[in-house]
Every structure is written in C-alpha cells, then in structure tokens.
Amino acid sequence: MARAVAVIRLYGFQQSRSFRALWALEESGLQYEYIEVKLRTSAEVPDSAKHTTYLAVNAQGKVPTLVDGGLTLTESVAILYYIARAAPESGLLPNASMDVYARIDELACFILAELEQPLWSTGKHLFALPEEQRIPQMLETARFEFTKALGALEHLLDDREYAVGKTFTIVDILLAQTFNWALRFKFDLPRKYIDLRNRHYQRPACQRALEVMGR
C-alpha cells in the first residue's frame, strides 16, 4: 500500500526522543511539518503536551508523535522504521539480506531496552517525575546499569564507521542520539563512542534537524 500523500506532521520537543525522528526525516528527504510541543507546562498553555488538543493526538501526552494521513505513531523506534520504509532510497533501512535486517533489529532493541534505559531513568529522577516520586539513590544504579550495557555493546558492535554494514542506518541515529544523552547527563563514555557521536552529528541532515528545533 502506498504511503499517504499528505505531508507528515512530527510533534516533538527539543533533544528528546523526538530528535531521532526529526533527524530521520531530514535524512529521508520526505516532506514534513515539525510542531514543537511544550513539556512540563500547564494544560492551559495552547501548545502544552497536556492540552486537550495534543492529548487528542497522543493520549499519553508525550513526544514524539508522527501523523501521516490517517496513521498516528507514538513510539520513536516505530517512527524510525516507518520513515525508513517510506523513503527506501534513503538507505536508512538498506536493501539487504535477512541477517542484516536481524542485526538492525537486534541493535535497535538493545539500544532501547538496555543502553537508553538507565539514561531515561536518570532523566526521570532528575527532572521528569514529580519531586516526591524521585529517588536520588537511583542515579548511581543508573550509572552502574549504563556501564554494564556498554560492556555488552562491545560484543554487539564492531569498531567500524557504521553500526551495520557499510552504510548509515536508523541504528546509527539511535546510537548517536543515545550517546548524546549520555554526554548531556555527564555519564562516562569511551572515547570511541564520543567520536562516533561527533562524527554522525556532523552529517548535514543532523545539522539541519538541529536548526529546525533551534538547537
């Protein structure tokens, strides 16, 4: 089935998970409209994630949200896959064998479930959760979990330019943005992963995405 003709709408907020979707859209060449949503603001603010208008699009009041015609997606990795499949010429999902696709799926799941999880736990217990729900001791646990995940990543990721094969894919977006979160939260990160983040963030599409959201 062909993709809807209407311009894609992406709702997002700064360098949250929505940035990975914005970056993918810039890599894809698809037409889109970016709509900034404010988090942690009163429901009375018109562009707040708590406003009834946005809740009608995403009942969780979170970002990102992608709307393409009658389709609405609210999970960032699903959004990346959708963008990649809507623009096959972008190479974000390469025309490759089953084992390459399995590798992409494995790394995407690992990044989301293991590598990103302690970073998001840190964010929740630093600023996202109500103060009475934050547990300061959780921050050290998150650093332990992140270090453990980095150790596992050594066995999943070869020291090469791209995560899978010889081209840039959605996995590279996920890795670079996750490492960017780690740097922002002042986690210890091996030099090679800092270099990976810096290299991919210099891509023209990433720089355009940063400009779109006002850096």
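The following refers to the structure shown.

Definitions and limits used
- Residues numbered from 1 in each chain as written.
- Predicted model: local features only at pLDDT ≥ 70, side-chain atom pairs only at ≥ 80, totals over all residues.
- Heavy atoms only, no water.
- Buried < 20%, exposed > 50% of the residue type's maximum accessible area, 1.4 Å probe, protein only.
- Helix = DSSP H or I, 4+ residues; strand = E, 2+ residues; numbered from the N terminus.
- Pairing = 2+ DSSP bridges.
- Right-handed = clockwise from strand over helix to strand, strands pointing away.
- Core = buried A, V, L, I, M, F, W, Y, C linked by side-chain atoms within 4.5 Å.
- Contact = heavy atoms within 4.5 Å.

Thoughts on helix α1 (residues 18-28)
- Of all 11 residues that make up α1, 11 are buried, and the element is covered over most of its length.
- Just past α1, the residue G29 takes up positive phi, approximately 80 degrees.

So, the pairing of strand β2 (residues 32-36)
- One ladder, built from 5 bridges, connects strand β1 (residues 8-12) with β2; its direction is parallel. Looking across to β2, one finds that Y11 is bridged to I35.
- Handedness of the β1-α1-β2 crossover: right-handed.

Some details on the nonpolar core
- Ranked by size, the top nonpolar core spans 60 residues in total, and within it F19, W23, L115, L153, L175 and F179 carry the most contacts.
- Every element with two or more residues in this core is listed here: β1, α1, α3 (76-86), α4 (98-115), α6 (138-156), α7 (170-184), α8 (191-201) and α9 (204-212).
- When residues in this core are grouped by element, the largest group, 9 residues, is from α7.
- Non-local contacts of L175, meaning those with residues more than four positions away in its chain, are made with I111, L115, L153, L157, A163 and L196.
- Among the nonpolar cores identified, the runner-up in size contains 7 residues, and F13, V37, V63 and V67 belong to it.

Quick word on unusual backbone geometry
- For the bond running from V63 to P64, omega is 5 degrees, close enough to zero to count as cis.
- Tracing the backbone through its elements, the reader meets P64 in the loop between α2 (52-55) and β3 (65-68).
- Within the chain, Q14 stands out as a residue other than glycine whose phi angle is a positive 40 degrees.
- If you trace the backbone, Q14 turns up in the loop between β1 and α1.
- Notably, R40 is not glycine yet its phi reads approximately 55 degrees, a positive angle.

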